[in-house]
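Here's the letter readout for the chains.
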Amino acid sequence: MSTFNRAPLNEEAVQQALVRLDGWTFENDAIHRTFLFSTFREAMSFMVRVGFEAEALDHHPELTNVYNRVRVSLNTHDADNKVTELDAELARRINHFSWI
Ligand code: H2B
């Protein structure tokens, strides 16, 4: 179990976190980023990699795939579907390993 805070962040705190999260935006109580790959295979590999990180953090994203595109949306169900520090942490980790 991770030690990251599952308390909802207010909008200002979310915007603050986004300053250091390249490519992520805040919309409808979630943070989102779309990753565009060269191939479907790469998109699938990325999704599996996200899955491992999600399991490590015990925190699970919404993933939408269409061919070579993957959209990642993050919020915390246990925090009434608001953005928390845990979402920011998963986004940080995804940015870290993303090769896009
Ligand atoms: N993922 C997300 N996105 N939000 C949660 O609140 C959440 C989760 N809760 N993954 C976790 C699992 C919880 O159900 C387990 C029991 O820790």
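Calculation rules
Residues numbered from 1 in each chain as written. Predicted model: local features only at pLDDT ≥ 70, side-chain atom pairs only at ≥ 80, totals over all residues. Heavy atoms only, no water. Phe/Tyr/Trp six-rings, centres within 6.5 Å; stacked < 30°, edge-to-face > 60°. Helix = DSSP H or I, 4+ residues; strand = E, 2+ residues; numbered from the N terminus. Buried < 20%, exposed > 50% of the residue type's maximum accessible area, 1.4 Å probe, protein only. Lys NZ or Arg CZ within 6 Å of the ring centre and 35° of its normal. Pairing = 2+ DSSP bridges. Axes fitted to C-alpha atoms, helices over the stretch in contact; angles between N-to-C directions. Contact = heavy atoms within 4.5 Å. Near = heavy atom within 4 Å. Polar contact = N/O pair within 3.5 Å; in protein donor to acceptor, adjacent residues only side chain to side chain. Areas by Shrake-Rupley, 256 points an atom, 1.4 Å probe, with all protein chains shown as cover. Nonpolar A, V, L, I, M, F, W, Y, C, P; charged D, E, K, R; others polar.

S.K.: Can you break down the packing of aromatic side chains residue by residue, with the values?
M.R.: Counting across every chain of the model gives six aromatic pairs. Note on Phe-35 and Phe-46: the rings are 4.6 Å apart at their centroids and 45° apart in plane angle, and the pair reads as tilted. With a gap of eleven residues between them, Phe-35 in strand 2 (residues 30–36) and Phe-46 in helix 2 (residues 40–57) connect regions that are remote in the sequence. The pair Phe-35 / Phe-46 is uniform in exposure class, with both members buried. Ring-pair connections join several aromatic residues into one group, and the members of that group are Trp-24, Phe-35, Phe-37, Phe-46, Phe-97 and Trp-99. When the ring centre of Phe-97 is taken as reference, the NZ or CZ atom of Arg-49 above it lies at 4.3 Å.

S.K.: How would you summarise the sheet that holds strand 4 (residues 69–74) if you had to cite specific residues and measurements?
M.R.: Taken together, four strands build an open sheet; the order of strands is 1-2-4-3 and the sheet is antiparallel. Strand pairing shows two members of the sheet lacking a second neighbour, strand 1 (25–27) and strand 3 (62–66), which therefore form its edges. Going from strand to strand, the sheet's axes swing by 25° on average, the running direction of each strand aside. Of the strand pairs in this sheet, strand 1 and strand 2 are connected by three bridges, and their pairing is antiparallel. If you follow Thr-25 over to strand 2, its bridge partner there is His-32. Most of the contacts of helix 1 (residues 11–18) go to strand 1, to which it runs at about 155°, and overall it touches strand 1 and strand 2. The strands that helix 2 touches are strand 2, strand 3 and strand 4; relative to strand 3, the one it contacts most, it runs at about 170°.

S.K.: An account of the environment of Gly-51 is requested, with residue identities and associated values reported.
M.R.: The residue Gly-51 is located in helix 2 in this model. Measuring from C-alpha to C-alpha, the distance between Gly-51 and Pro-61 comes to 8.3 Å, with ten residues separating the pair along the chain.

S.K.: Residue-level account of the side chain of Glu-89, with values.
M.R.: You can see Glu-89 is positioned in helix 3 (residues 85–97). Excluding anything up to four places from it in sequence, Glu-89 contacts Phe-4 and Leu-57.

S.K.: Can you break down the pairing of strand 3 residue by residue, with the values?
M.R.: A regular strand carries its side chains on alternate faces of the sheet. The pairing of strand 3 with strand 4 spans five bridges and is antiparallel. Its bridge partner lying in strand 4, Thr-64 is registered against Arg-71. In this structure, the hairpin formed by strand 3 and strand 4 is closed by a connection of two residues, where Tyr-67 is found at a positive phi of approximately 50°.

S.K.: Requested: an account of the site of the ligand, with residues and values cited.
M.R.: Surveying the vicinity of the ligand reveals nine residues, the closest of which are Asp-58, His-60, Asn-75, His-77 and Asp-78. Between a nitrogen atom of the ligand and a main-chain N or O atom of Asn-75, the distance comes to 2.9 Å. Relative to its unbound accessible surface of 400 Å², the ligand loses 72% to contact with the protein. Split into classes, the residues belonging to the shell around the ligand amount to one nonpolar, five polar and three charged.

None of the figures reported here should be taken as evidence of function without further support.
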